[in-house]
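Residue strings, one per chain:
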Amino acid sequence: MGNISKDLNSTFPNLKIKAMLNIMFTANWIHSYHYSFYSPFKISSQQYNILRILKGAEEALKVQTIKERMVEKSPNTTRLMDKLCAKDFIERIACPSDRRVVHIKITSQGLKLLEDISKANRKDLLKNLTDDEAIQLSDLLDKIR
């Protein structure tokens, strides 16, 4: 099991700073894992998030709606969607009543990619937590925000 003091070979001025650095260190550790997990599929975790949002919606969504639902907010959501569109994982649908509005829909290839990802051997990053600890962790993170 990890120990932030040993991992960083450091001491901390107080427990709250230690906790904050531990959150940042752990977030980076999770991000690194996701980067390596999604790399073979040639997408990022943010692109995966967009595909999951579209699959769950079961209908075309406005770009703004997708941005609002993303776990990791990104100023370059349009660029992420450009890449997904170039790979035929999503399609853009012009709004007939307002040409400024574009709807985004997942394609059959996008659904197939999600299916392939779901079958991949994904490491359980929270395997050392009991269900009660997972609830407590989630509640504490909610409390911080």
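See the structure above.
Predicted model, so just to flag it, every value in this text is computed and none were measured.

Definitions and limits used
- By convention here, each chain's residues receive numbers from 1 onward along its written sequence.
- In keeping with the model being predicted, local features are shown solely for residues with a pLDDT of at least 70 and side-chain atom pairs are shown and tallied solely at 80 or more, while totals for entire chains, interfaces and linings include all residues.
- Each side-chain value is worked out from all heavy atoms of the structure, with water and hydrogens disregarded.
- When DSSP locates at least two bridges between a pair of strands, those strands are taken to pair.
- The secondary structure listing takes helices from DSSP runs of H or I that are at least 4 residues long and strands from runs of E that are at least 2 residues long, numbered from the N terminus.
- Working rule for contacts: check all heavy atoms of both residues, and any pair within 4.5 Å makes them a contact.
- Angles shown run from 0 to 180 degrees and are taken between the N-to-C directions of axes, each axis being a line fitted to C-alpha atoms and, for helices, limited to the stretch in contact.
- Just to be clear on terms, a salt bridge is a Lys or Arg side-chain nitrogen sitting within 4 Å of an Asp or Glu carboxyl oxygen.
- The buried label goes to any residue with under 20% of its type's maximum accessible area, the exposed label to any with over 50%, and the partly exposed label to all in between, with areas taken from a 1.4 Å probe on protein chains only.
- Here the word oblique covers every angle except those under 35 degrees (roughly parallel), over 145 (roughly antiparallel) and from 65 to 115 (roughly perpendicular).
- The nonpolar class holds Ala, Val, Leu, Ile, Met, Phe, Trp, Tyr, Cys and Pro. Asp, Glu, Lys and Arg form the charged class, and all remaining residues, Gly among them, are polar.
- In these notes, a set of buried Ala, Val, Leu, Ile, Met, Phe, Trp, Tyr and Cys residues joined through side-chain atoms within 4.5 Å is what counts as a nonpolar core.
- Each crossing is labelled by how the near helix is turned from the far one, with a counterclockwise turn of less than a right angle marking it left-handed and a clockwise turn marking it right-handed.

Enquirer: Would you explain the sheet that holds strand β1 (residues 61-62) in this entry?
Expert: The strands that make up a sheet pair up through hydrogen bonds in the backbone, lying either parallel or antiparallel. Across the sheet, which stays open at both edges, the three strands sit in the order β1-β3-β2 with antiparallel pairing between neighbours. Either end of the sheet is taken by a strand with one partner, and the two such strands are β1 and β2 (90-94). In this structure, β2 lies alongside strand β3 (residues 102-106), joined through five bridges in antiparallel fashion. Among the inter-strand pairings, A94 is bridged to a residue of β3, identified as V102. Along the sheet, helix α3 (residues 45-57) makes contact with β1, β2 and β3, crossing β3 at roughly 90°.

Enquirer: Any chance you could explain the pattern of salt bridges here in plain terms?
Expert: Any two side chains of opposite charge can pair if their charged atoms end up close together. Evaluation of the coordinates by the stated rule reveals five salt bridges. The residue D116 makes a salt bridge to K112 at a minimum N-O spacing of 2.7 Å. Placement of both D116 and K112 in helix α6 (residues 108-119) is noted, with a separation of four residues, approximately one turn of the helix. Of the charged contacts, one joins D142 and R145 as a salt bridge, the two residues approaching to 2.6 Å between their closest N and O atoms. On the basis of relative accessible area, D142 is assigned to the partly exposed category, the value being 42%.

Enquirer: Would you mind going over the packing of α3 against helix α5 (residues 77-86) with me for this structure?
Expert: When two helices pack together, their arrangement is given by the angle between their axes and by how far apart the axes lie. Where α3 meets α5, the closest approach of the two axes is 10 Å, and the angle between their N-to-C directions is 80°. Judged by the angle between their axes, α3 and α5 are roughly perpendicular. Facing Q46, Q47, I50 and L51 of α3, the residues of α5 in contact are T77, L80, M81, K83 and L84. Partitioning the contact of α3 with α5 into residue classes produces five nonpolar, three polar and one charged.

Enquirer: What exactly am I supposed to notice about the nonpolar core here?
Expert: One recurring pattern in soluble globular proteins is that nonpolar side chains are buried together. Counting residues in each nonpolar core, the largest one holds 22 residues, and the members touching the most others are I43, I50, L51, L54 and I66. At the level of secondary structure, the elements contributing two or more residues to this core comprise α2 (15-38), α3, α5, β3 and α6. It is α3 that contributes the most residues to this core, five residues altogether. Not counting the four nearest positions on each side in its chain, L54 is found in contact with E59, L61, I66, I90, I104, K105 and I106.

Enquirer: Sorry, what's going on with the packing of α3 against α6 here?
Expert: Put simply, α3 and α6 touch, their axes get as near as 10 Å, and they point 110° apart. In terms of orientation, α3 lies roughly perpendicular with respect to α6. At the point where α3 passes α6, the crossing takes the left-handed sense. Packed against α3, whose contacting residues are Y48, L51, R52 and K55, the element α6 presents L111, L113, L114 and I117 at the interface. The class makeup of the residues in the contact of α3 with α6 is six nonpolar, no polar and two charged.

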